[in-house]
Amino acid sequence: MSIRIMGTGSAIPNKAVTNDELSRFVDTSDDWIKERTGIESRHIATGETVDELAGNAARNALLDAGADPSKIDMIIVATCSAEQALPCIACQVQKYIGAYSAVAFDLNAACAGFLFALNTADVYISKGIYKNALVIGAEVMSNMINWSDRTTCILFGDGAGAVYLERDDRPFKFIQKSNGLKDDVLFCWQRDSMSAFYRGVQTYKYVSMDGKEVFRFATRVVTDTISELLFDEGLSPDDIDMFLLHQANLRIIETISKRLKADISKFPTNVERLGNTSSASIPLLIDEIRKEGRLKEGMKIVMSGFGAGLTYSACLMEV
Ligand code: COA
């Protein structure tokens, strides 16, 4: 037993911010950003919250599938940027969509979060514990960014994507890995301690990143993990119809396509318009290509994501 995507949905904040707009308050330019990242604009929350975006994406996925919220068994939200620590975003989504019989919890694997959540849903469903699940990636990354740091503020965007899954017997295989030894490459210490006994030093509370190291890591592990997954299944990149990669940077995606020797036309992107939306990037992309009619019955797709942790994953699925 495995899973099949029955519906998809998304939600993005209204405000689009262009590179030119950013160059008004940090020392950067449209040319620099486009050349190094492929990003032209991103959507930034001006009041929209992670739970609101997640709830709207979830509602749209259920409408797309024609699914009854009261029959949902499980909701997993992948996020690393929730404004509210408690309760988890998934429980707020449960209330918002009226999925009162679902079990709901959040998962943080940074930008690989959506795939970790999808893999988790597959395990529950394949074991026969649940019949269906809503898996959501939702982020307001703009909350975690130092808007005077040009090395990070140009990269990220906000949004949410959701998939509604049901039990099926199509192949679904995944690999997921973590390397906590590299926890200093990309990190964010977000909250101040409220403890009356706290005597530590409060540190930098924004996303901090070694961009070159992340670039090297991403291009290496995504290529290796996809190759390992395909080798295990006796497949080659030629057998795959579409590669849906985490949308961090167009140059990362182009490098991976070259290393896999897979045509770049098999790698749809939205990073140009949405920036890096962390755990939301892959479900946002799935929703876009499904709505464009590009996801066809029987297609083999590979998804792969990477992020802080470091964490990474690849999965193979039949549409
Ligand atoms: N605008 C203009 N100049 C900038 C800039 C910006 N936004 N950000 C950095 N620079 C400058 C640097 O200060 C440096 O100047 P110097 O040569 O005078 O020191 C120069 O541009 C080159 O910086 P560098 O960091 O070497 O650029 P790069 O080619 O490595 O590109 C990234 C930077 C961040 C675009 C690139 O490393 C990257 O994409 N990494 C992956 C990041 C990522 O995907 N993170 C999320 C993972 S989930």
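These figures come from a predicted structure and were not determined experimentally.

K.L.:
Help me understand the nonpolar core in this model?
P.N.:
Generally speaking, nonpolar side chains in soluble globular proteins are found buried as a group. Core analysis: the biggest nonpolar cluster contains 43 residues, and Ile226, Phe243, Leu245 and Phe306 have the highest contact counts within it. For this core, the elements supplying multiple residues, two or more each, are helix H6 (211-232), strand E11 (242-245), helix H7 (250-260), strand E12 (300-307) and strand E13 (311-318). Sort the elements by how many residues they give to this core and H6 lands first, with eight residues. Counting contributing residues, this core receives three or more from each of domain 1 (2-170) and domain 2 (174-318). Counting residues in hydrophobic clusters, the runner-up holds 33 residues, among them Ala117, Leu118, Ala121 and Met299.

K.L.:
Just to check I follow, could you spell out the site of the ligand for this structure?
P.N.:
Not every one of the 21 residues close to the ligand is listed here, only the nearest: Thr28, Arg36, Gly211, Lys212 and Asn249. Trp32 is positioned with one of its side-chain polar atoms (N or O) 3.4 Å from a nitrogen atom of the ligand. A distance of 2.6 Å is found between an oxygen atom of the ligand and a side-chain nitrogen or oxygen belonging to Lys212. The protein chains hide 74% of the 970 Å² of surface that the ligand would expose on its own. Listing elements by their share of the shell around the ligand, those giving two or more residues are helix H2 (30-37) and H6. Ranked by the residues each element gives to the shell around the ligand, the list is headed by H6, at four residues. Considered class by class, the residues forming the shell around the ligand number ten nonpolar, seven polar and four charged. Two domains each provide a minimum of three residues to the shell around the ligand, namely domain 1 (2-170) and domain 2 (174-318).

K.L.:
Help me understand the sheet that holds strand E6 (residues 132-140), please; the structure alone is not making it clear to me.
P.N.:
In a beta sheet, neighbouring strands pair by backbone hydrogen bonds and run either parallel or antiparallel. Pairing within the open sheet is mixed, and its five strands lie in the order E1-E7-E6-E4-E5. The open sheet has two edge strands with one neighbour each: strand E1 (2-11) and strand E5 (103-107). Ignoring strand direction, the axes of neighbouring strands in this sheet form an average angle of 20°. The pairing of strand E4 (residues 74-78) with E5 spans five bridges and is classified as parallel. Each residue of the ladder has a partner; that of Met74, found in E5, is Val103. On the sheet, helix H5 (residues 113-126) packs against E1, E4, E5, E6 and strand E7 (158-168) and is oriented at approximately 165° with respect to E6. Sitting on the sheet, helix H9 (residues 281-291) touches E1, E6 and E7, and the angle it makes with E1 is about 90°.

K.L.:
What is the right way to look at the pairing of E12 in this model?
P.N.:
Along any regular strand the residues' side chains alternate between the sheet's two faces. Most of E12 is tucked away: seven of the eight residues are buried. Here four bridges tie E11 to E12, and the two strands are oriented parallel to one another. Paired with Met242 across the two strands is Ile301, which belongs to E12. Pairing between E12 and E13: eight bridges, direction antiparallel. When the sheet's bridge partners are listed, Gly307 is paired in E13 with Thr311. Linking E12 back to E13 in an antiparallel pair, the connection comprises three residues, with Gly309 at a positive phi of about 150°.

K.L.:
Which parts of the structure should I look at to understand the domain arrangement of the protein?
P.N.:
Where the parts come together, the accessible area they lose is often given as the size of the interface. Its domain assignment divides the protein into domain 1 (2-170) and domain 2 (174-318). Here domain 1 and domain 2 have C-alpha centroids that lie 14 Å from each other. The interface is formed by 57 residues belonging to domain 1 together with 48 residues belonging to domain 2. Summing both sides of the interface, domain 1 and domain 2 together bury roughly 4,000 Å²; the carbon and sulfur share of this comes to 60%. The interface formed by domain 1 and domain 2 contains three salt bridges. Measuring nitrogen to oxygen at the nearest pair gives 3.1 Å for the salt bridge that ties Arg4 to Glu297.

Calculation notes
- Residue positions are given per chain, counted from 1 along the sequence in the order it is written.
- At least 70 in pLDDT is required for a residue's local features to be given in this predicted model, at least 80 for side-chain atom pairs to be given and counted, and no such filter applies to totals for whole chains, interfaces and linings, which use all residues.
- Each side-chain value is worked out from all heavy atoms of the structure, with water and hydrogens disregarded.
- Among buried residues, the Ala, Val, Leu, Ile, Met, Phe, Trp, Tyr and Cys ones that are joined through side-chain atoms within 4.5 Å form a nonpolar core.
- Working definition: with a 1.4 Å probe on protein chains only, accessible area under 20% of the residue-type maximum means buried, over 50% means exposed, and in between means partly exposed.
- Counting from the N terminus, the helices are DSSP H or I runs at least four residues long and the strands are E runs at least two residues long.
- Where each domain begins and ends is defined by an automated method or by a domain database.
- Whether a residue is near a molecule or strand depends on its heavy atoms: it is near if one of them lies within 4 Å of it.
- By the criterion applied in these results, polar contacts are pairs of N or O atoms within 3.5 Å in which, for protein atoms, one can donate a hydrogen and the other can accept it, and in which residues neighboring in sequence qualify only through two side-chain atoms.
- Surface accessibility in these figures is a Shrake-Rupley result with a 1.4 Å probe; residues are shielded only by whichever protein chains are displayed.
- When residues are sorted by character, Ala, Val, Leu, Ile, Met, Phe, Trp, Tyr, Cys and Pro go into the nonpolar class, Asp, Glu, Lys and Arg into the charged class, and all the rest, Gly among them, into the polar class.
- For two strands to count as paired, DSSP must find a minimum of two bridges between them.
- Angles run from 0 to 180 degrees between N-to-C directions of axes, and those axes are lines fitted to C-alpha atoms, restricted for helices to the stretch in contact.
- Residues are treated as being in contact if the distance between any of their heavy atoms lies within 4.5 Å.
- Two parts placed together each lose some accessible area under a 1.4 Å probe, and adding up what both lose gives the buried area.
- Any Lys or Arg side-chain nitrogen found within 4 Å of a carboxyl oxygen on Asp or Glu counts as a salt bridge.

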